[in-house]
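Structure assessment
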Amino acid sequence: MTNFIKDPVVMMAERNPDPVFSNDELVFSDQEKRLIERWKSQYPTVDGAIMRVLWLAQEKFGFLPPEVIRLTADEVGIPYANAYGVATFYTQYYKKKRGKHVLDVCTCFSCQVCGGYDILHYLESKLGIHVGETTDDGLFTLQEVECLGACGSAPMLQVTNGRYVMDLTHERVDALIDTLRKGKTPEFTSVTLPQDEDELGGNRRSDVKEFQASSPRPVSETVR
Ligand code: FES
């Protein structure tokens, strides 16, 4: 009879890097713990809170190395694998340390045909880095991303999971980089969407009532 030897568990270096944060640093404050408990109470099961807790952890630690993901999993009370799965699914969660400003340049369909790659390459040459890299001064990380839902203002980019900068030209990119280097936030521009029948040219949905009635009620309120 063949002797089956169970494969030993192989620790994969890229999934088990040396910790960045010490045990002393790996703590949530009492205030953060109270907030997390509140979020957990707002969902039918506690795992519903994991995205918010990962976000909180990212804002606190800057990114989510394995030991921070483990901290969030323990705090929420779910297996590490579940928290890891969420953190690695969404590009908005940073698994590696990024620069102070992360420039997400959209190169999806609309942005691509409107010059998204031109903007991306312009930024590469202006900052002296390639996509996925961070400038030596730690100020900028450049990323290429899929559609960010602002196709009508293509080409566009997003700054560190926040502000959208749209209708990009080389001049706008120059102004944006100057603004960020001065420690300022790029000016917010409101985009007006068509609100009434005339603006929509009569192309309004006719099943709005049914659509709204079938929408699930929000489970949680916005608390931050
Ligand atoms: S294709 Fe760039 S925002 Fe949609």
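For the structure itself, look to the data block above.
Residues numbered from 1 in each chain as written. Predicted model: local features only at pLDDT ≥ 70, side-chain atom pairs only at ≥ 80, totals over all residues.

Considering the sheet that holds strand S2 (residues 140-145)
How we decide: Here, a strand pair is defined by DSSP locating no fewer than two bridges between the strands. Secondary structure follows DSSP: runs of H or I at least 4 residues long count as helices, runs of E at least 2 residues long count as strands, and numbering of each begins at the N terminus. It is the C-beta atoms, placed from the backbone, that decide contacts: two residues are in contact if theirs lie within 7 Å. Lines fitted to the C-alpha atoms define the axes, with helices restricted to the stretch that makes contact. Angles between their N-to-C directions range from 0 to 180 degrees.
Strand order in the open sheet formed by four strands is S2-S1-S3-S4, and the pairing between neighbours is mixed. Unpaired on one side and paired on the other, S2 and strand S4 (164-165) mark the two borders of the sheet. Taken together, the two bridges between strand S3 (residues 157-159) and S4 define a ladder with antiparallel strand orientation. Across the sheet, residue Leu157 finds its bridge partner in S4, namely Val165. Strands strand S1 (101-106) and S2 of the sheet are contacted by helix H6 (residues 116-127), whose axis makes an angle of about 150 degrees with S1.

A few points about the environment of Thr141
Which entries qualify depends on this criterion: Exposed residues have 12 or fewer other C-beta atoms within 10 Å of their own C-beta, buried residues have 20 or more, and residues in between are partly exposed; the C-beta atoms are placed from the backbone.
Among the secondary structure elements, Thr141 is positioned in strand S2. For Thr141, a count of 23 C-beta atoms within 10 Å translates into the label buried. Spatially, the C-alpha atom of Thr141 lies 9.3 Å from that of Leu127, the residues being 14 residues apart in sequence. For Thr141, the residues in contact, after removing those within four places along its chain, are Arg98, Gly99, Val102, Leu103 and Thr134.

A short note on the nonpolar core
Note the cut-off: In plain words, the nonpolar core is the set of buried Ala, Val, Leu, Ile, Met, Phe, Trp, Tyr and Cys residues that C-beta atoms within 7 Å link up.
With 18 residues, the main nonpolar core has Leu103, Val105, Ile119, Leu123, Met156, Leu157 and Leu168 as its most contacted residues. At the level of elements, S1, H6, S2 and helix H7 (170-181) are the ones that each hand at least two residues to this core. When sequence neighbours within four positions are dropped, the list of residues in contact with Ile119 reads Val105, Pro155, Leu168 and Val173.

Observations regarding unusual backbone geometry
A cis geometry characterises the amide bond from Ala154 onward to Pro155, with omega recorded as -5 degrees. Along the chain, Pro155 turns up in the loop between S2 and S3. One non-glycine residue with positive phi stands out, namely Asn161, at about 60 degrees. Assignment of secondary structure puts Asn161 in the loop between S3 and S4. For Asp167, which is not glycine, the phi torsion reads 50 degrees and is therefore positive. Its location among the elements puts Asp167 in the loop between S4 and H7.

Examining H6
Worth spelling out the cut-off: A helix is expected to reach a length of 1.5 Å times the quantity of its residues less one. Picture the helix axis, draw a direction to every C-beta atom, and the arc is the one those directions span.
Taking 1.5 Å as the rise per residue, H6 with 12 residues should run 16 Å; its terminal C-alpha atoms sit 16 Å apart, in good agreement. Residues of H6 that are buried include every one of Gly116, Ile119, Leu120, Leu123 and Leu127, and no others. What you see down the axis of H6 is that its buried residues fit within an arc of 100 degrees, all on one side. Summarising the contacts, the buried residues of H6 are in contact with S1, helix H5 (109-113), S2 and H7. Immediately beyond the C-terminal end of H6, within one or two residues, lies Gly128, with a positive phi of roughly 75 degrees.

Quick word on the packing of H6 against H7
So the rule is basically this: By definition in this entry, angles of less than 35 degrees are roughly parallel, angles greater than 145 are roughly antiparallel, angles of 65 to 115 are roughly perpendicular, and the rest are oblique. Here is the rule for handedness: rotate from the far helix to the near one, and if that takes an anticlockwise turn smaller than a right angle the crossing is left-handed, while a clockwise turn gives right-handed. In this count, Pro and Cys sit with the nonpolar residues alongside Ala, Val, Leu, Ile, Met, Phe, Trp and Tyr, while Asp, Glu, Lys and Arg are called charged and the others, Gly among them, polar.
Direction vectors running N to C along H6 and H7 enclose 45 degrees, while the axes themselves pass 10 Å from each other. If you check the angle between H6 and H7, you find them oblique. Our pair here, H6 against H7, has a crossing hand that is right-handed. In contact with Ile119, Tyr122, Leu123 and Lys126 of H6, H7 contributes His170, Val173 and Ile177. Split into classes, the residues belonging to the contact of H6 with H7 amount to five nonpolar, one polar and one charged.

Some words on the pairing of S1
Where a strand is regular, its side chains alternate between the two sheet faces. In terms of residue burial, S1 counts as a mostly covered element, since six of its six residues are buried. Covered by surrounding structure in S1 are His101, Leu103 and Val105 together with Val102, Asp104 and Cys106, the residues of both alternating faces. As paired elements, S1 and S2 share six bridges and run parallel to each other. Residue pairing across strands places Asp104 opposite Gln143, the latter belonging to S2. Here S1 runs beside S3; their pairing, made up of three bridges, is antiparallel.

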